[in-house]
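# Structural overview
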Amino acid sequence: MANAEQNSEWEDFKAAARRPIEQHVRNSFIHTYKPVLDDAEYRSFDTMEEYRRWCKENLPDWLGYSRD
Amino acid sequence: MPTFEFKNAQELGRVFETHGVRYLFFGKSGAILLGYSDTTQDVDLYIEKRRENCERVAAGLLELGSRLTEQEQKEVRRGKAFIQLRNGPFDLDLIFAPDGVERFEDAWERRVERHGLPIANIEDIIGSKRAATRQRDRESLPRLLPFKFKNWLEKNK
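Summarised in this report is the structure supplied together with it. (Residues numbered from 1 in each chain as written. Chains lettered and ligands numbered in written order. Predicted model: local features only at pLDDT ≥ 70, side-chain atom pairs only at ≥ 80, totals over all residues. Heavy atoms only, no water.)

The next thing to look at is the packing of aromatic side chains. Inspection of the entire model under this criterion finds 14 aromatic pairs over all chains. Relative to F25(B), the ring of Y23(B) lies with its centre 5.8 Å away and its plane at 70°, an arrangement referred to as edge-to-face. Taking the relative accessible area as the measure of exposure, F25(B) reaches 1% and is therefore buried. These aromatic residues form a ring-pair network of at least three members: F45(A), Y51(A), W54(A) and F82(B). Here the guanidinium or amino end of R111(B) rests over the ring plane of W108(B), the centre of that ring lying 3.9 Å away. (Phe/Tyr/Trp six-rings, centres within 6.5 Å; stacked < 30°, edge-to-face > 60°. Buried < 20%, exposed > 50% of the residue type's maximum accessible area, 1.4 Å probe, protein only. Lys NZ or Arg CZ within 6 Å of the ring centre and 35° of its normal.)

Right, here's the structure in full:
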């Protein structure tokens, strides 16, 4: 299973390398609305710790921004 | 919000070069510009936190079309640790002190120039994700590591 997954990733990487960079970027940057995170035009934090704490306290767990 | 396209990367590179900004494409967006195949939404830039450099970043962002208030411009000039921008031509995160990288200078020395853009070395991108230890970072590592190995093989064949 692990080998099959790895082979599939390898094929993905090879295919990506064959695409023009414009197409590769178009395929890779996809806008998906993230609740809370995307609801403000601007946020800033004095430390990364403060940012992590804000993520933990404000973002839904399923977004994956928590360290737990 | 328009999606980030390669022409946006080129425009950012041109504007930041004109202003003399020292920065690196970082995180998953940096890996994608190195050829990594995965998806993301925003662009991460690792910015050198020298006062003059932060001032140049603010000027560059305005030229790129970011709608920064006076207060926000002040914060960019100050180089706060992390700034999330959703008020410009594409989603952008400015990182002045990423996890897992001690000094900008070291990451700059190890950078890769690709498509005329300065991009953090895949080792630094992976190292930062390892140090951040968020769920989303932990999940991306099993795929980033084979990509790093592929890069290594190509360099050493």
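Looking now at the pattern of salt bridges. If the charged atoms of two oppositely charged side chains come close together, the side chains can form a pair. Residues and elements named next belong to chain B. Taken as a whole, this structure holds 27 salt bridges over all chains when the rule is applied. As a salt-bridge pair, E55 and R51 come within 3.1 Å of each other at their nearest N and O atoms. One end of the pair, E55, and the other, R51, are both in helix α3 (residues 51-64), four residues apart, so they sit about a helical turn from each other. Residue class for E55 comes out partly exposed when judged on its relative accessible area of 34%. In this structure, D124 and R110 form a salt bridge, with 2.9 Å as the shortest nitrogen-oxygen distance. A residue pair is termed long-range when its members are at least 10 positions apart, and D124 in helix α6 (residues 122-132) and R110 in the loop between α5 (104-109) and β5 (112-114) qualify at 14 residues. (Salt bridge = Lys/Arg side-chain N within 4 Å of Asp/Glu carboxyl O. Helix = DSSP H or I, 4+ residues; strand = E, 2+ residues; numbered from the N terminus.)

We now examine the interface of chain B and chain A. Chain B puts 49 residues into the contact, and the matching count from chain A is 39 residues. Where chain B abuts chain A, roughly 4,000 Å² becomes buried across the two surfaces, and 53% of that area is made up of carbon and sulfur atoms. Three residues, Q41(B), F82(B) and Q84(B), lead the burial of chain B against chain A; their summed loss comes to 17% of the area buried on that side. Here R78(B) and D46(A) are joined by a salt bridge, their closest N and O atoms 2.6 Å apart. If you look at where chain B meets chain A, you find 30 residue pairs in polar contact (both at pLDDT 80 or more). Contributions of two or more residues to the side of chain B that touches chain A are made by α2 (27-33), α4 (70-78), β3 (82-85), α6 and α7 (135-156) of chain B. Along the lines of polarity and charge, the residues of the side of chain B that touches chain A split into 21 nonpolar, 12 polar and 16 charged. Relative to β3(B), strand β1 (residues 42-45) of chain A is paired through four bridges, and the arrangement is antiparallel. Across the sheet, S44(A) pairs through a bridge with I83(B), a residue of β3(B). (Contact = heavy atoms within 4.5 Å. Buried area = accessible area lost by both parts, 1.4 Å probe. Polar contact = N/O pair within 3.5 Å; in protein donor to acceptor, adjacent residues only side chain to side chain. Nonpolar A, V, L, I, M, F, W, Y, C, P; charged D, E, K, R; others polar. Pairing = 2+ DSSP bridges.)

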